Amino acid sequence: MATAPRIRVIDSHTGGEPTRVVIEGAPDLGLGPLSVRRERLLAEHDAWRRAVACEPRASEVLVGALLVEPFEPGCDLGVIFFNNVGALGMCGHGTLGLVETLRHLGRLQPGTLRIDTPVGVVEAELREDGDAVVTNVPSRRILRHVPLDVPGLGRVHGDVAWGGNGFFLVEDHGLELRPSNLPALLTAAVAIREALNRDGLSATAGIAIDHVELTGPPMDPANDGRNFVLCPGLEWDRSPCGTGTSAKLACLLDEGKLAEGQVWRQESLVGSVFQGWMARRDGILLPHIQGRAHITAEATLILDPTDPFRFGIPR
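About the criteria used
- Residues numbered from 1 in each chain as written.
- Predicted model: local features only at pLDDT ≥ 70, side-chain atom pairs only at ≥ 80, totals over all residues.
- Heavy atoms only, no water.
- Helix = DSSP H or I, 4+ residues; strand = E, 2+ residues; numbered from the N terminus.
- Rg over C-alpha atoms; globule rule 2.2 N^0.38 Å.
- Buried < 20%, exposed > 50% of the residue type's maximum accessible area, 1.4 Å probe, protein only.
- Contact = heavy atoms within 4.5 Å.
- Areas by Shrake-Rupley, 256 points an atom, 1.4 Å probe, with all protein chains shown as cover.
- Lys, Arg positive; Asp, Glu negative; His and termini not counted.
- Charge placed at Lys NZ, Arg CZ, Asp CG, Glu CD.
- Phe/Tyr/Trp six-rings, centres within 6.5 Å; stacked < 30°, edge-to-face > 60°.
- Lys NZ or Arg CZ within 6 Å of the ring centre and 35° of its normal.
- 1 Å grid on protein atoms, 1.4 Å probe; cavity = no way out; pocket = protein on both sides within 12 Å on 5 of 7 lines; lining within 4 Å.
- Points joined across faces, edges and corners; volume = space filled by probe spheres on them.
- Nonpolar A, V, L, I, M, F, W, Y, C, P; charged D, E, K, R; others polar.

A. Structural context of the overall build of the chain. Assigned secondary structure in the chain consists of 6 helices and 16 strands. Relative to the 2.2 N^0.38 estimate, which gives 20 Å for 315 residues, the radius of gyration of the chain is 19 Å and therefore close to what a compact globule would have. Taken along the three principal axes of its C-alpha coordinates, the chain extends 55 × 45 × 35 Å. Looking at the chain as a whole, 54% of its 315 residues qualify as buried. By sequence separation, contacts in the chain at least 24 residues apart represent 62% of the contacts at least 6 residues apart. Here the chain displays about 13100 Å² of accessible surface, and carbon together with sulfur accounts for 51% of that area. For the chain, the distance from the average position of its 30 positive side-chain charges to the average position of its 40 negative side-chain charges is 2 Å.

Shown next, in the form of structure tokens:
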């Protein structure tokens, strides 16, 4: 056990959704663009990913964050987000968790970070009150009101949008977005994703649609909308989903239902809230997501060589 590999992590949650930032014990992914290093992580170090993100050391809802040297000029750091089934393009709640982790470690004071990701450069501003604002990559609606026949649900219509990950956003699902309705929401979202794969909509849209977002009215009248997001590993996002909120903002703007600079308050299924708005930076319209993360643990993961599940429980 004294020689067992160890991985130092700091855990946080953002609106209920956990992030695990790896501080020590990460594999060397070499140099080059982060999109290339993300593929190298999956091709050469996937057992390490499973050890950090999967049971028995984690749960299916957790998102890991691997800190790396940036590739793009002017960036302070790079990050590759990963989960129980692979790696993500970007992660909004995870970026907020990363900011809070760096603040907790004394590595960040209120101010702005430029962060390199596999899908582009994002910025994160830590504010004096503890909130942070993530300026995401450009988001856009790609396809509007796409009909989809879903077994057990009937015909629904959805927008395909990019918010750093690919989303299919459905409003006419006919379900109440409340925690007591979780089994029905999971069943519907999984069925929608299977129908998307059946119809090859990712190929039509030109992006990987690996998130399903069910939208609806808020429960708190102080907010503007509520969502339920199914992530690629078939877990649901406890937060309002940063990239999902970015995708929603792009659709609202394209629909003429949101003005530049207008704040949209997005609820999650558990009632946590992100504030989002679209604003221009150097002439480019970008989504801004405001929220707050909280530290939950400092831990050292031990990869006992006699443990049959040291690299996670196979799925």
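B. The packing of aromatic side chains, seen in detail. For the coordinates displayed, the defined rule picks out 2 aromatic pairs. Both rings, one in Trp-48 and one in Phe-82, keep their centres 5.6 Å apart while their planes meet at 55°; by these two values the pair is tilted. Highlighted residues: Trp-48 in helix α2 (residues 46-53) and Phe-82 in strand β4 (residues 77-82), separated in sequence by 34 residues. Here Trp-48 matches Phe-82 in class, with each residue buried. A ring pair is formed by Phe-228 and Trp-236, whose centres lie 6.1 Å apart and whose planes are at 20°; its orientation type is stacked. When its relative accessible area of 0% is taken as the criterion, Phe-228 is described as buried. Positioned above the aromatic ring of Trp-236, the side-chain terminus of Arg-238 is 4.0 Å from the ring centre.

C. Up close: empty space enclosed by the protein. Tallied over the full model, the rule gives 2 cavities of 30 Å³ or more. Approximately 170 Å³ is the volume attributed to the largest cavity. Lining the largest cavity are 23 residues, and of these Glu-17, Val-63, Leu-88, Cys-231 and Asp-237 lie nearest its centre. Grouping the amino acids of the lining of the largest cavity by side-chain chemistry returns 9 nonpolar, 10 polar and 4 charged. Each pocket or cavity is described by its volume, and for the second largest cavity that value is around 30 Å³.

D. Quick look at the layout of surface pockets. In this structure, the largest pocket spans a volume of roughly 450 Å³. For the largest pocket, the lining is made up of 23 residues, of which Asp-159, Glu-171, Thr-215, Lys-248 and Lys-257 are closest to its centre. For the lining of the largest pocket, the secondary-structure elements that each account for two or more residues are β8 (140-150), β9 (154-162), β10 (166-170), β11 (209-216), β12 (225-230), α6 (242-255) and β13 (264-267). Along the lines of polarity and charge, the residues of the lining of the largest pocket split into 6 nonpolar, 7 polar and 10 charged. Looking at the second largest pocket, the residues that line it are Arg-114, Val-121, Val-122, Glu-123, Thr-135, Asn-136, Val-137, Pro-138, Arg-281, Asp-282, Ile-284 and Leu-286. Among the elements of the structure, β6 (120-126) and β15 (284-291) are those that each provide at least two residues to the lining of the second largest pocket. A per-element tally of the lining of the second largest pocket places β6 first, with 3 residues. When grouped by side-chain class, the residues that make up the lining of the second largest pocket number 6 nonpolar, 2 polar and 4 charged.

Geometric values such as these leave the question of function open.
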